[in-house]
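# Structure at a glance
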Amino acid sequence: MDDVLTVPQGEFTLHRDHHEAGPLRAWDAADEYVLAHLAEAGVSGDRWLVVNDGFGALATVLADHRPQSWSDSHVAIEAARANLVRNDLDPDLVRFVPSTDVPEGPIDVVIVKVPRTIAFLDDELRRLRPLLHEGSVVIGAGMTKSVHNSTIEVFERSIGPTPTTRARKKARLLLAQVNPRLEAPAPLEPITWKTHEGVAVTNLPTVFSSGSPDAGARLLLTHLPEVPPGARVIDLGCGNGIIGATLARRNPDIELRCIDESYQAVASARVTVGSEAPTAAFAVADSLVGIPDDDADLIVVNPPFHAGGARTHDVAGRMFADARRVLRPGGQLIVVGNRHLGHHKPLRNLFDSVTALSSDPSFVVLSAR
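Quick look at the structure, then.

Basis of the calculations
- Residues numbered from 1 in each chain as written.
- Predicted model: local features only at pLDDT ≥ 70, side-chain atom pairs only at ≥ 80, totals over all residues.
- Heavy atoms only, no water.
- Helix = DSSP H or I, 4+ residues; strand = E, 2+ residues; numbered from the N terminus.
- Rg over C-alpha atoms; globule rule 2.2 N^0.38 Å.
- Buried < 20%, exposed > 50% of the residue type's maximum accessible area, 1.4 Å probe, protein only.
- Contact = heavy atoms within 4.5 Å.
- Pairing = 2+ DSSP bridges.
- Axes fitted to C-alpha atoms, helices over the stretch in contact; angles between N-to-C directions.
- Core = buried A, V, L, I, M, F, W, Y, C linked by side-chain atoms within 4.5 Å.
- Parallel < 35°, antiparallel > 145°, perpendicular 65-115°, else oblique.
- Left-handed = near helix turned anticlockwise from the far one by under 90°.
- Nonpolar A, V, L, I, M, F, W, Y, C, P; charged D, E, K, R; others polar.
- Salt bridge = Lys/Arg side-chain N within 4 Å of Asp/Glu carboxyl O.

### Examining the overall build of the protein chain
Helix and strand counts for the protein chain stand at 10 helices and 19 strands. Relative to the globule expectation of 21 Å for 369 residues, the C-alpha radius of gyration of the protein chain, 21 Å, shows essentially globular dimensions. Taken along the three principal axes of its C-alpha coordinates, the protein chain extends 60 × 45 × 40 Å. Counting over 369 residues, the protein chain shows a buried share of 54%. Counted over contacts in the protein chain with a minimum sequence separation of 6, partners at least 24 positions apart contribute 68%.

Here it is as structure tokens:
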């Protein structure tokens, strides 16, 4: 297994997450490129910030600089802590800052891994700009498939002129130059909208499906079950909270818990669900870690099929196994997913009964008991 990163700063053993080593690497060519650039250019500074560090590769390699690590992913933060320990480094060398907070400034050196969505990058750079000074070094790093003209425009709108490097191993760097005379745009406001049932939905910038339900969620919303009063319901991978809020509106006496590994998702769900279920509980967590056995009557999930940009069934598989543990006897798991993912196969290995509630050409809704 390829788990040793060799860069000018040394050799580091890295795994993708804190559960176990997997076949996919915990870093990409953009991490290698930016670390080589830092060494070749002799970049220095007292206050360092790493943004969107997928599995802690940058935080681990740069731990001697005592950086802050700004991330929306609870799983990424836990993976980074585990990788620091794996390399005999004190996790306290890195200060982890969730995306719903703001790092401490001023900042001398910033490395921004380009995220999947341009809106999230735009929001990050707008919030980052007040922490910079004229001498700050700002480097964006991403795979070429994620670096577009719009990416450069976002850097230039908030930071200043942003030339790019030549591609290396399908990765590219953006070398932003702080323009002290630039009037940076204000932070982005949350997007708010209503469903046809009147549920008011709030989306922060990183949260999937802003402005309307995605196709899978629309199909799922038409096949949510009636839930008896007092039932314990978990909206797993809650996103903006549209599923949990709709369940609460239709079944006002349920005991609802919303869980996601994204800090911005849970912050969005607090607003969306709060008006429908004021007593709902919220948690930023990796799947159902920390939830007791036999604790829920119904779990609803739209599992992701990627992690850190790579397609994988591992996340969904872990969610299904956790749901089997947490559901009470007779409890129900409802899953919506792309048809081609074949979720019925792992579900049948875990549950006594798996049936299709509905499907369309792209998605299927499954019930597992």
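### Quick look at the sheet that holds strand 5 (residues 95-98)
Pairing within the open sheet is mixed, and its six strands lie in the order 5-4-3-6-7-8. On the outer flanks of this sheet lie strand 5 and strand 8 (171-177), each paired with one strand and no other. Strand-to-strand twist of the sheet, defined as the mean angle between neighbouring strand axes without regard to direction, takes the value 20 degrees. Here strand 6 (residues 107-113) runs beside strand 7 (residues 132-143); their pairing, made up of six bridges, is parallel. When the bridges of strand 7 are listed, V109 appears paired with V137. Where helix 4 (residues 118-128) meets the sheet, its contacts fall on strand 3 (48-51), strand 4 (68-71), strand 6 and strand 7, and the angle it forms with strand 6 comes to roughly 180 degrees.

### What about the sheet that holds strand 11 (residues 232-236)?
Strands sit in the order 13-12-11-14-17-19-18 across an open sheet of seven strands; the sheet is mixed. Looking at which strands have only one partner, the edges of the open sheet turn out to be strand 13 (281-284) and strand 18 (354-359). Going from strand to strand, the sheet's axes swing by 15 degrees on average, the running direction of each strand aside. Packed onto the sheet, helix 9 (residues 314-326) meets strand 11, strand 14 (296-301) and strand 17 (327-338) and runs at close to 160 degrees relative to strand 17.

### Let's talk about the nonpolar core
Within soluble globular proteins, side chains that are nonpolar generally end up buried alongside one another. L220, I243, L247, L256, V273 and V300 are the most contacted members of the largest nonpolar core, which totals 31 residues. Contributions of two or more residues to this core are made by helix 6 (215-221), helix 7 (242-250), strand 12 (255-260), helix 8 (263-274), strand 14, strand 17 and strand 19 (363-368). Sorting elements by how many residues they give to this core places helix 7 first, with five residues. Membership of the second largest hydrophobic core comes to 27 residues, among which are L5, A29, L38 and I111.

### Looking at the environment of I152
With respect to the element layout, I152 can be found in helix 5 (residues 149-158). Taking the C-alpha atoms as reference points, I152 and R339, 187 residues apart in sequence, are found 36 Å from one another. In this structure, I152 is in contact with T162, T164 and L174, ignoring residues within four places of it in sequence.

### What to know about the pairing of strand 14
Here strand 14 lies mainly inside the structure; five of its six residues are buried. As paired strands, strand 11 and strand 14 are joined by four bridges and run parallel to one another. Looking at strand 14, one finds that I234 is bridged to I299. Where strand 14 lies against strand 17, five bridges are found, and the strand directions are parallel. Note that in strand 17 the partner of V301 across the bridge is V335.

### Things to note about unusual backbone geometry
Most peptide bonds take the trans configuration, and most residues that are not glycine carry a negative phi. Cis geometry is found at the peptide bond from G105 to P106, where omega equals 0 degrees. In this structure, P106 sits in the loop between strand 5 and strand 6. For D88, which is not glycine, the phi dihedral falls at a positive 60 degrees. Relative to the helices and strands, D88 is located in the loop between helix 3 (74-86) and strand 5. Look at D88 and you get exposed, because its relative accessible area is 74%.

### A few points about the packing of helix 4 against helix 5
Between helix 4 and helix 5, the least distance of the axes is 9 Å, while the angle of their chain directions is 15 degrees. By the angle class used here, helix 4 and helix 5 are roughly parallel. Here helix 4 runs over helix 5; the crossing is right-handed. Side by side, helix 4 and helix 5 meet where I118, L121, D122, L125 and R126 of the first sit next to S150, T151, V154, F155, R157 and S158 of the second. Residue composition of the contact of helix 4 with helix 5, by class: five nonpolar, three polar and three charged.

### Points about the pattern of salt bridges
Counting across every chain of the model gives 18 salt bridges. We note a salt bridge from R95 to E104, for which the minimum N-O separation is 3.4 Å. For R95, a relative accessible area of 40% puts it in the partly exposed group. With a relative accessible area of 52%, E104 lands in the exposed category. A salt bridge links D297 to R328; the nearest nitrogen and oxygen atoms lie 3.1 Å apart. Linking D297 in strand 14 with R328 in strand 17, this pair joins segments that are 31 residues apart in sequence.

### Topic: the side chain of D122
Inspection of the secondary structure assignment puts D122 in helix 4. Excluding its chain neighbours within four sequence positions, the residues that come into contact with D122 are V154, R157 and L188.

These figures capture arrangement, not role.
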